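Chain residues, written in single-letter form:
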Amino acid sequence: MIVRRPKPKGMENSMSMYKCPVCGELFSTSYKKCPFCEEDDLMASDAHKRGNRHHHRRRNEPRAVGPVLIVIFLLLAALVVFLVAGDSIFGGKDPAGEDQPPVSDVIGGEEGEGSAEGSGEGEQEEEMIPMILDQTSAELEVGGRLVLTASEGTGNYTWTSSDEAVAIVTEGVVDTLTAGTVTITVTDGETNVVCEITVKAIPLTINKTDVSISVGEKFTLTAEGGTMFTYTSDKESVATVNENGVVTGTGKGKANITVSNGSSTQSCIVRVR
């Protein structure tokens, strides 16, 4: 609000002055507003506008992030184009001018090698179990029998006897003949396994050991200890014996009748009068 001051006497016709209630300055009544306050307002307005213009200018300044992203995008696009159409661009050659196989061939070759290796591992043969024999030692009597069984290994077995006078073997079946020791061997072409067999004599007994008879008289010599017996006479002119042990006096004198079961022998003296 402008306060109008009364003019001093004698100065009514001279220029009138106002005092500004805001800034306290005097100014001519020819001004509608305080020129001093208007100047201050104008300066403040100019300062505000300059500040706004500076703010807008900073906000509108271009950022560096945008161009960097654009460059990265262009590089990625160029890489994709090279990978997809590189063969057609370089005519199957790398930038150094050397021939390069197509990507599909390289990948396919690597996969093929891996498949071959994997297939080889999968087809690896299992380790063979060595051959085994169910018995490696035994004791038998003459005329006895033993069945040996081989397993594992290759499955192709061959049997042999170290002394066929003592025992023979056929496909693992052992038959003893005389007293003694024998080694039965089985082989499958890779491994040999043996069975040591001891063959014992069968004790033999006869019912008579010394007999006196007349010419033409007979008696039977009976044996025990075994299943098969052999009878022989050392003087058939004095006494004879058949396969059943029947002894017959044929002439005066003395003869020995021998009985065998294959492993043991016994003798009977026959006196013919």
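Above this text you will find the structure in question.
No experiment lies behind these values; they were computed from the predicted model shown.

Cut-offs and rules
Residues numbered from 1 in each chain as written. Predicted model: local features only at pLDDT ≥ 70, side-chain atom pairs only at ≥ 80, totals over all residues. Heavy atoms only, no water. Helix = DSSP H or I, 4+ residues; strand = E, 2+ residues; numbered from the N terminus. Buried < 20%, exposed > 50% of the residue type's maximum accessible area, 1.4 Å probe, protein only. Contact = heavy atoms within 4.5 Å. Areas by Shrake-Rupley, 256 points an atom, 1.4 Å probe, with all protein chains shown as cover. Pairing = 2+ DSSP bridges. Axes fitted to C-alpha atoms, helices over the stretch in contact; angles between N-to-C directions. Polar contact = N/O pair within 3.5 Å; in protein donor to acceptor, adjacent residues only side chain to side chain. Core = buried A, V, L, I, M, F, W, Y, C linked by side-chain atoms within 4.5 Å.

Caption draft 1: How the structure looks around the overall build of the chain. Along its length, the chain carries three helices and 21 strands. Classification of the 273 residues of the chain by burial places 23% in the buried group. Contacts in the chain between residues far apart in sequence, at least 24 positions, make up 44% of those at least 6 positions apart. Accessible surface computed for the chain: about 19300 Å², of which carbon and sulfur atoms make up 54%.

Caption draft 2: Quick look at the sheet that holds strand β17 (residues 230-233). If you trace the four strands from one edge of the open sheet to the other, you get β14-β21-β20-β17, paired in mixed fashion. Each edge of the sheet is formed by a strand with only one pairing partner; in this case those strands are β14 (210-213) and β17. Averaged over all neighbouring strand pairs, the angle between strand axes comes to 20 degrees, with direction disregarded. As paired strands, strand β20 (residues 253-260) and strand β21 (residues 265-272) are joined by eight bridges and run antiparallel to one another. Bridged to G253 within β21 is V272.

Caption draft 3: Structural context of the side chain of D175. Along the polypeptide, D175 turns up in strand β10 (residues 173-176). Side-chain polar atoms of D175 contact the side chain of R145, separated by 2.5 Å.

Caption draft 4: Representation of the environment of D188 in the model. By secondary structure assignment, the location of D188 is in the loop between β11 (180-187) and β12 (192-200). Considered as a pair, D188 and T158 are 30 residues apart in the sequence and their alpha carbons are 6.5 Å apart. Setting aside residues no more than four positions away along its own chain, D188 makes contact with M131, G153, T154, N156 and Y157. Of note is the side chain of D188, whose polar atom sits 2.9 Å from the backbone nitrogen of E190. Of note is the side chain of D188, whose polar atom sits 2.7 Å from the backbone nitrogen of T191.

Caption draft 5: Quick peek at the environment of V246. Take V246: it is sitting in strand β19 (residues 246-249). The class of V246 is partly exposed, set by a relative accessible area of 24%. Residues V246 and L221 lie 25 residues apart in sequence; the distance between their C-alpha atoms is 6.1 Å. If sequence neighbours within four positions are ignored, V246 has contacts with K218, F219, T220, T240 and V241.

Caption draft 6: Local environment of the sheet that holds strand β18 (residues 239-241). Within the open sheet, the three strands sit side by side as β15-β19-β18. Their pairing is antiparallel. Each of the sheet's edge strands pairs with one partner strand only, and the pair in question is β15 (218-220) and β18. Taken over all neighbouring pairs, the strand axes of this sheet differ in orientation by 20 degrees on average, direction set aside. Both β15 and β19 contribute to a ladder of three bridges, which runs antiparallel.

Caption draft 7: The arrangement of the nonpolar core in detail. In terms of nonpolar packing, the biggest core is built from 20 residues, with L133, L148, W159, V174, I184 and I197 touching the most fellow members. Looking at this core, the elements with two or more residues in it are β5 (137-141), β9 (167-170), β11 and β12. For this core, the element with the highest residue contribution is β12, accounting for four residues. In this structure, W159 is in contact with L133, L148, T149, A150, V169, E171, G172, I184, T185 and V186, ignoring residues within four places of it in sequence. Counting residues in hydrophobic clusters, the runner-up holds 18 residues, among them I206, Y231, V238 and A255.

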